[in-house]
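Structural features, examined
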Amino acid sequence: MNADIADLPARAEQAAGGATSLDEIQRVSTDFLGKKSALAEAKKALGALDPDARRSAGQLLNEVRDRIESLLDARRHELSQTARVAQLETERLDLTEIRERTRLGHLHLVTQARDRLEDLFVGMGFTVAEGPEIEDDWHNFGALNFAVGHPARAMQDTFYVNYGEPESTLLRTHTSPVQIRVMQSQSPPIYSIMPGRVFRQDTADATHMPVFHQIEGLVVDRGITFADLAGTLEAFTSAYFGPGFTSRLRPSYFPFTEPSAEYDIRRPDGSWLELGGCGMVHPNVLLAGGIDPEEYSGFAFGFGIDRLALMRHGVDDLREMFINDVRFLRQF
Amino acid sequence: MKVLLSWLREFAPIDGSADELSEALSDLGLAVEDMQILGGNFDGVVVARVLALRPHPQADKIQLVDVDLGDGEALQICCGAFNMAVGDLVPLATLGTVMPGGLEIAKRKLRGEWSNGMLCSARELELADDHAGIFILDPSLTPGTPLREALGLETDVLFDLDVTGNRPDAMSVAGVARDLAARLGVPFQIPEPVVAESSNADAATRLHIEVLDRDLCGRFLARVIDDVRIGPSPEWMQKRLLALGQRPINNVVDVSNYVMFELGQPSHTFDLGKVTAGTLRVRRAVEGETLTTLDGHVRALLPTDGVICDRDDHPISLAGVMGGLTTEIDDQTTSVLLEIAWWDPLTIAQTAKRLGLRSEASTRYERSCDPELADRAARRFAELLAQTGATLAPGTIDVRGNTPSREPVLVRTARVNAILGTALDQASIASALEPIGFDVRVTGPDQHVTIPTFRLDTTNEIEIIEEIARRVGFTAIGKTVPRSPLTGTLSTRQTERRTVRRTLTGLGIDEVLPLPFLAPGDLERAGCEGHPIELTNPLVAEESVLRTSLRVGLLKTLAYNASHRNLGLRIFEVGHVYAHPKREQRLPDEREVLAVALGGREASAAIDVWSALVDAFALKKDRMVQTTASGLHPSRTALIEVAGTIVGALGEIDPAVCESFGVPERVAWLEVDLDVLLGLPHDERPYSRFSRYPSSDVDLAFEVAETCPAADVERQIRKAAGDLLVSLALFDVYRGDRVAEGTRSLAYALRLQAADRTLTDTEITEVRARCITAVEKSLPATLRH
């Protein structure tokens, strides 16, 4: 019997070697280790032996069982590896077979620029105010100190609409009427920016569009000075354009600010770029907004959003932005 | 407004390079739009003597010229001209010279031979038009001498200034010089005209001037100039006028323009012989009156116009805008009536604009001239016209009307510093204002300031503070940053608008920004209802209607891109639409709307987009109500309701509309009124504890009549399943042979779960049965087995 038992591992190895699937291995396992196997039979027979013989025979049986189990495990592992390799191979994909790529939609350049500007001023403690695009004459002109017959009215070529009295209702020529709406609806301190769409009766060319976008800033509080205006724009300039960019103010003229200034930025290469207009809010404008100019003072500034967007990406024609050619939109 | 540096220097000893002066002018608020060095920039151009002329070994059209720059060395130049001889003196642009056209002279090889500079023609140096050959210079000059010195050429600088509407004073050479002199700290003076009066009859006996409207005409000063012979003006004057872009006409017109540019005071001249009895009457025009102006046009006059009439009260000149034909100066004119007037600015602005006759003169009247300048301007006129032989008759007629008052204005020192953020004392304020003509009288801690008559734009304290700031220098005022006491933040709407955009771009949809202007009929063609607002003064008819819907803009965008062979665009816009309101209100209706157009997609794609928005805003109780809507696909359109309120529509664009706009593919469509949607409860996300017990899935498939919406089946299942239903999904739709005609199979997956226990098989079976019964009883539907 001992000789038969000692022979079992070799026979099991041979049987396992012939097995080609995990199921077959299971059958081999049953044959050699199962309840009806020679090993099980031998174990049952142990009880008939004397203690010494039983000990040595038991030891032998355990060793044989261990060897068979380990060689079956090894074969099982081998087969599962082979099966895995075969399975994975059937799953092979050519990852360079790319059909249409998933892409994100792109925000329009104007939106991107506007969002950046808003975020920056929000960081400086400003809120963002909005107003209607169709305005009345008083908010767009009268409240902003444009007297009737003022040549500055002619300066801003206005689109009027067929609503109310003739020339009473118009497409706002600037975002400044929102200043009045903000002052009327809240009391100082006011730190607001007012981005939005504006309209001028300008024929479209590389630098003009009848519809474009502006951002306006308004600060009204006690003790606000021209130096505060200069400092705020300087802080904005370096934050928005980056280090090395500085700003300067030059005397100019707008009916709604006094003193009025042009706001220029200086690029790191020393060249200047006119960005927009600014100034101290005219006392008449504060009064129109219901604010006492002897108690409060303020400054305002404004510039075009579209041009900033163009500059950022080196686009040389404003019209490109509003054609909405997908080949343009998807670049940014 | 153009000024010449040489002219400015007649009023003040202005020093400095062109660039420095340009910077100073910009700092003063007189932005330099363009600057030109006149008389050529001759730096680097020297006199050279031709030593030898040799043929170029490789080229026929070029010869080699050896020149001497005065040191006896021969320098080889390649030259394309052949008009010089050995010994001639010629101008040589040496290496490094920048020519007037911007070309920089460098050492170059021309077909194998070095050229160490360029010999120049007169035209290349902008000295004359002659381009026939090299400019041969006077033989008496010395080689090596800079050309500018050799020819005694003077350069001048022409500044083109952008003068803002609040600077009437800067509409003249003298005014610019005053500002610049103050800035540079040098004395400024307008030279006194020197003109003798003739012994001819006194103007007082020859002229009769009546000003009937004293608001229209603040001052009317008239003089008589005799011995006028119409002819060209002096060459120096013509050169200056030409430099300013003013074409010389004749001595009288040129002097008038010269005085206007120099002092800012326009004038008008009448042929005295044509003015009956030397009589002029100044008044407003009367409705129905006409006047033939100098240009031969008959002008219909209005009571808003100012006119100058003759003895018989017939208009002979349009005040401040254009003279009349009947009293025009001509070749026979010998005596001139010179009018120097101050006209009401608004009157001139209105008339000039209405008649399209804005001119250098009307622009100056509009901004308001200096009413106290009249006498000096008249004498300067006579002084200059005397250069062509004219004589000034004695006597001045000077009639005064009303001009704005010049009462002193109180300027508070504390107010100045509070506005500017400066610490100026009274002395600094005075020294800022006095050099530009403001008179400052100290009153306690403050000052009374008298504004000069050439600054009628300035009337109050804040405007004087602006002048102080300008004089102190904007760059000299510090830069401080006020600390906002507020928390900067976007409003809820602004944040949510960004959420809309981010959701859509996340779905691969691009944002577009079409113009809100449409052509008449566009909206009707797109099936958009409503009463659009129209522009009363559009640029073109195609852009004369304001949109009531974003639909047209998106369809046009799809069509434009399709015409460039780009199909299948997925685009959206968030923008305003405008319409006449239903009830009367101050402004039209203006709403913010989202629209999405998905080229080449079916309606289900629009539902996907809407579903993403439902998720983004946690919208509750949203449902689609299938319907028809103008412009949308008749059998693929649904209104979207949220909590019982209609917020928009989705589906597809009517194929006929697509075709009409030239969109060659189907278009899935979604439009949402953001004002309505975001006004409803949304984004409320209270925590709801989900069950820890096992869930069970039940699948139910029904054969449902095509006339019965799936939404109805779903509603019945939800009702019947009750609280145990935690999710319901339509996972399969089948149409075909295996179902009855006129029906389709809808297969639903129900997930059932209780909050407090594991469901028993009995409970699950009961729920299943309830659902089947509910659907089969109330709808044309049967369970599929």
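Residues numbered from 1 in each chain as written. Chains lettered and ligands numbered in written order. Predicted model: local features only at pLDDT ≥ 70, side-chain atom pairs only at ≥ 80, totals over all residues. Heavy atoms only, no water.

**What to know about helix H11 (residues 413-420) of chain B**
All names here are of chain B.
- The buried fraction of H11 is high, at six of eight residues.
- Inspection of H11 places Thr 413, Arg 415, Val 416, Asn 417, Ile 419 and Leu 420 among the buried residues, and these make up the whole buried set.
- Positioned one or two residues after H11, Gly 421 has a phi angle of 75°, which is positive. (Buried < 20%, exposed > 50% of the residue type's maximum accessible area, 1.4 Å probe, protein only. Helix = DSSP H or I, 4+ residues; strand = E, 2+ residues; numbered from the N terminus.)

**Details of the domain arrangement of chain A**
- Split by domain assignment, chain A resolves into domain 1 (2-90) and domain 2 (109-329).
- Computed over C-alpha atoms only, the centres of domain 1 of chain A and domain 2 of chain A are separated by 88 Å. (Domains from an automatic or database assignment.)

**Brief notes about the side chain of B:Asp510**
- The topology assignment puts B:Asp510 in strand S26 (residues 510-511).
- One polar contact links the side chain of B:Asp510 to the main-chain amide nitrogen of A:His106, over a distance of 2.8 Å.
- Apart from residues lying up to four places away in sequence, B:Asp510 is in contact with A:Arg103, A:Leu104, A:Gly105, A:His106, A:Val326, A:Arg330, B:Arg570, B:Ile571 and B:Phe572. (Polar contact = N/O pair within 3.5 Å; in protein donor to acceptor, adjacent residues only side chain to side chain. Contact = heavy atoms within 4.5 Å.)

**A word on the UniProt feature "domain: FDX-ACB" (unreviewed entry) in chain B**
- In the numbering used here, UniProt assigns the feature "domain: FDX-ACB" (unreviewed entry) to residues 691-784 of chain B.
- Spanning residues 691-784 of chain B, this segment combines 32% helix with 35% strand, and its end C-alpha atoms are found 31 Å apart. (UniProt positions renumbered as here; feature names shortened; annotations may be inferred.)

**Looking at the domain arrangement of chain B**
- Each assigned domain of chain B is listed with its residue range as follows: domain 1 (1-37 + 154-182), domain 2 (43-149), domain 3 (201-398), domain 4 (407-469), domain 5 (490-677) and domain 6 (694-782).
- A separation of 70 Å is found between the C-alpha centroids of domain 2 of chain B and domain 5 of chain B.

**Here's the deal with the sheet that holds strand S29 (residues 570-579) of chain B**
Residue and element names in this part refer to chain B.
- An order of S26-S29-S30-S34-S33-S32-S31 is seen for the seven strands of this open sheet, with the pairing classed as mixed. For this open sheet the edge positions go to S26 and strand S31 (622-626), each flanked by a neighbour on one side alone.
- Of the pairings in the sheet, the one linking S26 to S29 comprises two bridges and is parallel in character. Bridge assignment links Asp 510 to a residue of S29, and that residue is Ile 571.
- Along the sheet, helix H14 (residues 492-506) contacts S26, S29 and strand S30 (589-599); its crossing angle with S29, the most-contacted strand, is approximately 145°. (Pairing = 2+ DSSP bridges. Axes fitted to C-alpha atoms, helices over the stretch in contact; angles between N-to-C directions.)

**As for the environment of B:Leu4**
Residues and elements named next belong to chain B.
- Here Leu 4 is to be found in strand S1 (residues 2-4).
- Since its relative accessible area comes to 3%, Leu 4 is described here as buried.
- Taking the C-alpha atoms as reference points, Leu 4 and Ala 81, 77 residues apart in sequence, are found 36 Å from one another.
- For Leu 4, the residues in contact, after removing those within four places along its chain, are Leu 38, Asp 156, Val 157, Leu 158, Arg 240, Ala 243 and Leu 244.

**Topic: the packing of aromatic side chains**
- Under the counting rule described, the total for this entry stands at 23 aromatic pairs over all chains.
- By the ring-pair criterion, three or more aromatic residues cluster together here, those being A:Phe121, A:Phe126, A:Tyr191, A:Phe236, A:Tyr240, A:Phe241, A:Phe245, A:Tyr263, A:Phe299, A:Phe301 and A:Phe303.
- Between the NZ or CZ atom of B:Arg525 and the centre of the ring of B:Phe661, over which it lies, the distance is 4.1 Å. (Phe/Tyr/Trp six-rings, centres within 6.5 Å; stacked < 30°, edge-to-face > 60°. Lys NZ or Arg CZ within 6 Å of the ring centre and 35° of its normal.)

**What to know about the sheet that holds strand S1 (residues 127-128) of chain A**
- In space, the seven strands of this open sheet follow the order S1-S4-S5-S9-S8-S7-S6 (chain A), with mixed pairing throughout. Looking along the sheet, the strands with just one partner apiece sit at the ends: S1 and strand S6 (246-254) of chain A.
- Two strands pair when backbone bridges link them, and strand S5 (residues 211-221) of chain A and strand S9 (residues 297-304) of chain A are joined in this way by eight bridges, in the antiparallel orientation. Within S9(A), the residue paired with A:Val219 across the bridge is A:Phe299.
- Its contacts with the sheet put helix H13 (residues 461-472) of chain B on S6 and strand S7 (257-266) of chain A, and the angle it makes with S7(A) is roughly 35°.

**Topic: unusual backbone geometry**
- A cis amide bond, omega 5°, links A:Pro188 with the succeeding residue A:Pro189.
- That bond from A:Glu258 to A:Pro259 is cis: its omega, -5°, falls within 30 degrees of zero.
- Residue placement: A:Pro259 occurs in strand S7.
- With phi around 45°, B:Arg111 is a residue other than glycine that occupies positive phi space.
- Looking at the element boundaries, B:Arg111 is found in the loop between strand S7 (108-110) and strand S8 (113-115).
- On the accessibility criterion, B:Arg111 (56% relative accessible area) is exposed.
- Non-glycine residue B:Arg565 carries a positive phi angle of around 60°.
- Structurally, the position occupied by B:Arg565 is in the loop between helix H16 (551-563) and S29.
- By relative accessible area, which is 75% here, B:Arg565 ends up exposed.

**So, the pattern of salt bridges**
- Scanning the model with the defined rule gives 80 salt bridges over all chains in all.
- For B:Asp27, the salt bridge is made with B:Arg183, and the minimal N-O distance between the two is 3.1 Å. Within this pair, whereas B:Asp27 is found in helix H2 (residues 18-27), its partner B:Arg183 is found in helix H4 (residues 173-184), the two being separated by 156 residues in sequence.
- Residue class for B:Asp27 comes out buried when judged on its relative accessible area of 12%.
- Residue B:Arg183 is classed as partly exposed on the basis of its relative accessible area, which comes to 32%.
- Across the salt bridge formed by B:Glu641 and B:Arg623, the nearest N and O atoms sit 3.2 Å from each other. With B:Glu641 in strand S32 (residues 632-642) and B:Arg623 in strand S31, the pair connects residues that are 18 residues apart, well separated along the chain.
- Through salt bridges with shared partners, one network takes in A:Arg114, A:Asp115, A:Glu118, A:Asp119, A:Glu130, B:Arg493, B:Arg497, B:Arg498, B:Glu592 and B:Asp675. (Salt bridge = Lys/Arg side-chain N within 4 Å of Asp/Glu carboxyl O.)

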